[in-house]
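Residue-level structure breakdown
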Amino acid sequence: MADEKGTLYLCATPIGNLGDVSARCLEILRSVDMIAAEDTRRTLQLLNHFGIAKPLTSYHEHNKRAKGEYIVKLLIEGKSIAQVSDAGTPAISDPGEDLVRLCIDNGITVTSVPGPVAAINALILSGLPAKRYAFEGFLSVNKRHRREHLQSVKNDTHTLIFYEAPHKLKATIEDMRAAFGGGRRVALARELTKLHEEIIRTTLDGAAELYAESAPRGEYVIVVEGAAEDTVTDERFWTDMSVTEHVDKYIADGMKKNDAIKAAALDRGVPKRDIYNDYHKEVGI
Ligand code: SAM
């Protein structure tokens, strides 16, 4: 019986173009005892394309607890395992993070086989500053949480990178306009490495206008310019202001009235309707 533990290899796979798989990734996939895949059918397509036959097991969001234990047991027994996600780099908005932690806790060696990651490719193509950036991943589906997330980064001066599903893109752009103002520059990096790759470099207002008529299609990374140093304000700048002054300040900063009301409501932690009513009572319309 082997007394050496196996190794977990985190293998990055293409985000669209199969030609982007690395020689070392293929070598590792050929050499391991088993591949843990987020979507076994999708990984099978990759393996078939490169003529690799290997036992596959699924490891995803919904079975990660039990399957993680099983994978760690095999690693402790000396098996070597490659982990691959649907596309791109495991653990980046994908399952993997928990498995890495579990392996570390069990004294198992974890190593990476680097490769594509949508966020970084979007950043380098965005034309926005790439020296300092933050990866923000997906916004929550919960309205309040997504707004809080955006509020928490609105004064960050570095570039912000978000993932988003196409059917939520319009709503996300609206929420970003409300939080950051419509004048912020944005790059929508669409279908990276694929036939219809496109980088739309515009502002949040421009993006909203673009998708007012047409539905977003394909996979997107949203790269947003950071706040300008001189516009960074004290988080609680509004404490001495009336509701009207607070809303008017956002309007003066370039927000539409409705967005300004939303932003003021979020700052004050009260329902939008309350701000709406107070504002209209004060301004007398
Ligand atoms: N682990 C992956 C990575 O390394 O980038 C990300 C997986 S995450 C579940 C999927 C999200 O990544 C998509 O909703 C989209 O925001 C982004 N994405 C993945 N592939 C992309 C592509 N080819 N073009 C643009 N965005 C992509």
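As the structure is a prediction and not an experimental result, all values here were calculated from the model.

Points about the sheet that holds strand E3 (residues 56-58)
If you trace the five strands from one edge of the open sheet to the other, you get E3-E2-E4-E1-E5, paired in parallel fashion. Both outer strands of the open sheet, E3 and strand E5 (109-113), are each paired with one neighbouring strand and no more. Shown here is a sheet whose adjacent strand axes are inclined to one another by a mean of 25 degrees, direction ignored. Pairing geometry for strand E2 (residues 34-37) and E3, over three bridges, is parallel. The residue of E3 that forms the bridge with Ala-37 is Ser-58. Strands E2, E3 and strand E4 (81-84) of the sheet are contacted by helix H2 (residues 40-49), whose axis makes an angle of about 155 degrees with E3.

Notes on the environment of Asp-267
Its place among the elements puts Asp-267 in helix H10 (residues 257-268). Residue class for Asp-267 comes out buried when judged on its relative accessible area of 16%. Measuring from C-alpha to C-alpha, the distance between Asp-267 and Cys-25 comes to 47 Å, with 242 residues separating the pair along the chain. Every residue in contact with Asp-267, bar those within four places of it in the chain, is listed here: Gln-151, Lys-154, Phe-237, Trp-238, His-246 and Tyr-250. Of note is the side chain of Asp-267, whose polar atom sits 2.5 Å from the side chain of Tyr-250.

Focus: the site of the ligand
Surveying the vicinity of the ligand reveals 20 residues, the closest of which are Thr-89, Asp-94, Ala-118, Tyr-163 and Tyr-220. At 2.8 Å, a backbone N or O of Thr-89 approaches an oxygen atom of the ligand. Between Tyr-163 and the ligand, the recorded distance is 2.6 Å, taken from a side-chain N or O atom to an oxygen atom. Burial of the ligand by the protein amounts to 91% of the accessible area it has alone, namely 580 Å². When contributions to the shell around the ligand are tallied by element, the ones reaching two or more residues are strand E7 (159-164) and strand E10 (220-224). Taken together, the residues of the shell around the ligand sort by class into twelve nonpolar, three polar and five charged. Both of domain 1 (7-116) and domain 2 (119-230) provide at least three residues apiece to the shell around the ligand.

Concerning the packing of helix H6 (residues 143-153) against H10
Look at H6 against H10: their axes get within 11 Å of each other, and the N-to-C directions meet at 90 degrees. With respect to each other, H6 and H10 are oriented roughly perpendicular. Across the interface between the two elements, Arg-147, Glu-148 and Gln-151 from H6 touch Lys-262, Leu-266 and Asp-267 from H10. In terms of residue class, the contact of H6 with H10 is built from one nonpolar, one polar and four charged.

Concerning the sheet that holds strand E8 (residues 185-190)
Here five strands make up an open sheet; going across it, the order is E6-E7-E10-E8-E9 and the pairing mixed. Each edge of the open sheet is held by one strand with a lone partner, namely strand E6 (133-138) and strand E9 (198-203). Along the sheet, successive strands turn relative to each other by an average axial angle of 20 degrees, direction set aside. In the sheet, E6 pairs with E7 via five bridges, with the strands oriented parallel. When the bridges of E7 are listed, Phe-138 appears paired with Tyr-163.

A word on the nonpolar core
Generally speaking, soluble globular proteins have nonpolar side chains that are buried together. Phe-162, Ile-173, Met-176, Phe-180, Leu-188, Ile-222 and Val-224 are the most contacted members of the largest nonpolar core, which totals 21 residues. Mapped onto this core, the elements with two or more residues apiece are H6, E7, helix H7 (169-180), E8, helix H8 (204-213) and E10. The dominant element in this core, judged by the number of residues it contributes, is H7, at five residues. For Met-176, the contacting residues outside a window of four places in its chain are Leu-150, Phe-162, Gly-181, Leu-204, Ile-222 and Val-224. Ranked by size, the runner-up nonpolar core spans 16 residues in total, among them Ile-28, Ile-35, Ala-37 and Val-84.

Quick word on the pairing of strand E1 (residues 7-11)
Of all five residues that make up E1, five are buried, and the element is covered over most of its length. Side-chain alternation along E1 places Thr-7, Tyr-9 and Cys-11 on one buried face and Leu-8 and Leu-10 on a second face that is also buried. Sheet topology note: the E1/E4 ladder contains three bridges and is parallel. Paired with Tyr-9 across the two strands is Ala-82, which belongs to E4.

Here's the deal with the domain arrangement of the protein
Domain annotation of the protein identifies domain 1 (7-116), domain 2 (119-230) and domain 3 (234-283). With centres defined by C-alpha atoms, the gap from domain 1 to domain 2 works out at 29 Å. Between domain 1 and domain 2, the contact holds six residues from the first and seven residues from the second. Across the domain 1/domain 2 interface, buried area totals approximately 540 Å², and carbon plus sulfur atoms make up 59% of it.

Scoring rules and cut-offs
- Residues numbered from 1 in each chain as written.
- Predicted model: local features only at pLDDT ≥ 70, side-chain atom pairs only at ≥ 80, totals over all residues.
- Heavy atoms only, no water.
- Pairing = 2+ DSSP bridges.
- Helix = DSSP H or I, 4+ residues; strand = E, 2+ residues; numbered from the N terminus.
- Axes fitted to C-alpha atoms, helices over the stretch in contact; angles between N-to-C directions.
- Contact = heavy atoms within 4.5 Å.
- Buried < 20%, exposed > 50% of the residue type's maximum accessible area, 1.4 Å probe, protein only.
- Polar contact = N/O pair within 3.5 Å; in protein donor to acceptor, adjacent residues only side chain to side chain.
- Near = heavy atom within 4 Å.
- Areas by Shrake-Rupley, 256 points an atom, 1.4 Å probe, with all protein chains shown as cover.
- Nonpolar A, V, L, I, M, F, W, Y, C, P; charged D, E, K, R; others polar.
- Domains from an automatic or database assignment.
- Parallel < 35°, antiparallel > 145°, perpendicular 65-115°, else oblique.
- Core = buried A, V, L, I, M, F, W, Y, C linked by side-chain atoms within 4.5 Å.
- Buried area = accessible area lost by both parts, 1.4 Å probe.

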